Amino acid sequence: MDSIVVKGGTPLNGKIQIAGAKNAALALMPATLLSEEPLTLTNAPRLSDIKTMTQLLQSLGVEVTSMQNGKVQVLSSHDMTSTTADYEIVRKMRASNLVLGPLLARHHQAVVSLPGGCAIGARPMDLHVSGLEAMGAQIELKDGYLHAVAKGGLKGARVPLRFASVGATENILMAATLAKGTTVIENAAREPEIVDLARCLRSMGAQIDGEGTSTITIDGVDRLGAATHPVVTDRIELGTYMLAPVFAGGEVECLGGRLDLIEAFVEKLDAAGVDVSETPDGLLVKRRSDRARAVDVTTEVFPGFPTDLQAQMMAMLCTADGTSVLEEKIFENRFMHAPELIRMGANIEVHGGTATVHGVDRLKGARVMATDLRASASLILAGLAAEGETVVSRVYHLDRGYEHIEEKLSAVGAQIERVSE
Ligand code: EPZ
């Protein structure tokens with residue numbers, strides 16, 4: 001297993017290219033199951049989760065070709081050989097459940113393993129199931145697998161979501177494109193990745209209105225065609241790298257960064273004493289003084305503060321001036337980075353879904369362990385500001401969502417390297 005070693009204290013200066021969004025690509029790739037024609041994705045990120053989704057789609061008979069060092073993926077589901085998403089793949093990556101809606105819509109059947117628990121929470125699929133059942137699917141749980149059939153195909157329906165679930169919105173949106181009649185998703189998720197998926201589906205011939213708002217209306221069509229679609233910028237990778245100069249000092253330009261993707265996050269950075277300015281190529285970030293100010297953060301569905309940037313923000317607030325209160329409202333167990341940060345000298349009290357961070361002058365390097373994707377990113381960032389050396393183990397978590405993080409950070413001056421243990 002690899003580890004990453006970071007030596008703190010070097011100010012950063014330069015440019016970091018932000019990649020295409022993992023959480024957009026993981027929904028766009030299954031969309032190929034809706035059409036016999038090829039789907040070409042450009043600006044695709046090169047991540048282990050993308051490889052896992054590729055394996056899953058190939059296990060269903062989809063032909064996946066990567067070109068130009070993985071940045072372009074051509075997917076063709078002309079000759080399907082299976083409609084079963086196997087536990088061995090699904091348990092590695094929850095987003096595998098996004099094949100359920102498309103398989104039901106076009107093949108009228110699917111067998112998809114329940115993902116099982118994950119580090120940050122139980123993450124059930126009740127909203128996915130109830131939405132697809134409202135569209136006429138019969139779904140039952142047997143041996144840990146969802147067995148779904150839609151005799152005669154899916155029908156348009158009104159689908160009110162109890163919670164604005166990203167994955168449930170994506171599964172229902174994809175399924176509705178080929179359903180007979182009109183589907184209205186109420187309290188739909190509004191994340192930029194949903195907007196990106198809707199735009200791709202529209203270019204394949206789907207009739208969709210309202211993406212990015214809480215109500216999405218889809219008029220089913222008989223078939224979808226080919227499309228070429230650029231994957232939207234990864235707002236979570238963007239937010240992660242925007243924090244790097246706040247930890248280490250200096251000034252970094254995040255190429256491809258867009259303010260509209262992370263307004264709630266940038267508002268908190270501004271309150272914490274960080275300058276973010278738009279450039280022709282992206283976003284320029286620099287802290288206003290030697291020490292950030294404490295701010296309170298509550299995670300919410302988009303356009304609120306993203307849960308996927310909570311760990312990184314907490315790490316930054318560990319050395320801010322004052323006390324910050326972070327509330328995690330989306331997942332029930334997403335503070336696993338706190339004990340690791342405490343090993344670096346942070347002063348954090350966790351009670352249920354609330355973490356109180358008392359700013360300390362400086363963190364100290366230590367051996368720490370990555371527990372989930374975004375927690376591991378927060379530990380790398382903390383290492384940039386810590387005194388001495390920080391060794392982050394189990395970085396396979398990182399590789400799921402960050403392309404060569406050590407290369408991108410060392411290119412702007414960080415003392416960081418990957419070592420194999
Ligand atoms: C997506 O997960 C993202 N993953 C997550 O990013 C992100 O944290 C999450 O949305 C929230 O923004 C991908 O897009 C691949 P949800 P998803 O359904 O779709 C509960 C990362 O680090 N829920 O919006 O699984 C669920 O338990 C990952 O890149 C139900 O109760 O998120 C959770 O508490 C981590 N029933 C909350 O909703 C359901 O049927 C949010 O889940 C579905 C969800």
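Values in this document were obtained by computation on a predicted structure and should not be read as measured data.

Attention now moves to the overall build of the protein. Within the protein, the regular secondary structure consists of 15 helices and 24 strands. Seen through its principal axes, the protein has C-alpha atoms that stretch 65 × 45 × 40 Å. Per-residue burial for the protein yields a buried fraction of 58% across its 421 residues. Pairs at least 24 residues apart make up 74% of the contacts formed inside the protein by residues separated by at least 6 positions. With the model as given, the accessible surface of the protein reaches about 15,800 Å², and the carbon-plus-sulfur share is 49%. Here the protein carries 40 positive and 52 negative side-chain charges, and the mean point of each set is 2 Å from the other.

What follows deals with the sheet that holds strand 23 (residues 389-393). Here we have four strands laid out as an open sheet, ordered 22-23-1-24, and mixed in their pairing. The sheet is open, and its two edges are formed by strand 22 (367-369) and strand 24 (415-420), each paired on a single side. For this sheet, the mean inter-axis angle between neighbouring strands, taken without regard to orientation, is 25°.

Bringing helix 6 (residues 166-176) into the picture now. Buried residues dominate helix 6, accounting for 10 of its 11 residues. Within the sequence span of helix 6, burial applies to Gly167, Ala168, Thr169, Glu170, Asn171, Ile172, Leu173, Met174, Ala175 and Ala176. Put simply, Ser165 is the residue that caps the front of helix 6, since its side-chain oxygen is 2.9 Å from the backbone nitrogen of Ala168.

On to the packing of aromatic side chains. Applying the stated rule across the entire model yields two aromatic pairs. Each ring, one from Tyr241 and one from Tyr402, has its centre 6.4 Å from the other, and the planes form 90°; the classification is edge-to-face. Of the two residues, Tyr241 is situated in helix 8 (residues 235-242) and Tyr402 in the loop between helix 14 (396-399) and helix 15 (405-410); the sequence distance between them amounts to 161 residues. On the basis of relative accessible area, Tyr241 is assigned to the buried category, the value being 1%. Taking relative accessible area as the criterion, Tyr402 reaches 1% and is therefore assigned buried. With a centroid separation of 5.9 Å and 55° between ring planes, the pair formed by Phe265 and Phe305 is classed as tilted. Here Phe265 is found in helix 10 (residues 263-271), whereas its partner Phe305 is found in the loop between strand 18 (297-298) and helix 11 (310-317), with 40 residues between them in sequence. In this pair, the class of Phe265 matches that of Phe305, namely buried.

A few words now on the domain arrangement of the protein. Splitting the protein by domain gives domain 1 (2-18 + 233-420) and domain 2 (22-230). On a C-alpha basis, the centroid separation for the pair domain 1 and domain 2 is 31 Å. At the junction of the two partners, domain 1 supplies 22 residues and domain 2 supplies 22 residues. Carbon and sulfur atoms make up 50% of the surface buried where domain 1 meets domain 2, a total of about 1,800 Å² over both sides.

Turning our attention to the sheet that holds strand 3 (residues 39-42). Ordered by their spatial adjacency, four strands build an open sheet running 4-5-3-14, and the pairing between neighbours is mixed. Across the chains shown, the open sheet's two edge strands, defined by having one partner strand only, are strand 4 (63-67) and strand 14 (227-230). Neighbour to neighbour, the strand axes of the sheet diverge by 15° on average, direction disregarded. As paired elements, strand 3 and strand 14 share four bridges and run parallel to each other. Of the residues in strand 14, the one forming a bridge with Thr42 is Pro230. Lying on the sheet, helix 7 (residues 192-203) is in contact with strand 3 and strand 14; it crosses strand 14 at an angle near 160°.

On to the side chain of His397, then. Positionally, His397 belongs in helix 14. The exposure class of His397 is buried, given its relative accessible area of 14%. Not counting the four nearest positions on each side in its chain, His397 is found in contact with Ala370, Thr371, Asp372, Leu373 and Ser376.

Now for the pairing of strand 7 (residues 109-113). Burial analysis of strand 7 places four of its five residues in the buried class, which makes it a mostly covered element. Note that strand 6 (residues 84-85) and strand 7 share two bridges and pair parallel. Note on strand 7: the bridge partner recorded for Thr84 is Val111. Bridge count between strand 7 and strand 9 (residues 145-149): five bridges; the pairing is antiparallel.

Conventions we followed
- Residues numbered from 1 in each chain as written.
- Predicted model: local features only at pLDDT ≥ 70, side-chain atom pairs only at ≥ 80, totals over all residues.
- Heavy atoms only, no water.
- Helix = DSSP H or I, 4+ residues; strand = E, 2+ residues; numbered from the N terminus.
- Buried < 20%, exposed > 50% of the residue type's maximum accessible area, 1.4 Å probe, protein only.
- Contact = heavy atoms within 4.5 Å.
- Areas by Shrake-Rupley, 256 points an atom, 1.4 Å probe, with all protein chains shown as cover.
- Lys, Arg positive; Asp, Glu negative; His and termini not counted.
- Charge placed at Lys NZ, Arg CZ, Asp CG, Glu CD.
- Pairing = 2+ DSSP bridges.
- Axes fitted to C-alpha atoms, helices over the stretch in contact; angles between N-to-C directions.
- Polar contact = N/O pair within 3.5 Å; in protein donor to acceptor, adjacent residues only side chain to side chain.
- Phe/Tyr/Trp six-rings, centres within 6.5 Å; stacked < 30°, edge-to-face > 60°.
- Domains from an automatic or database assignment.
- Buried area = accessible area lost by both parts, 1.4 Å probe.

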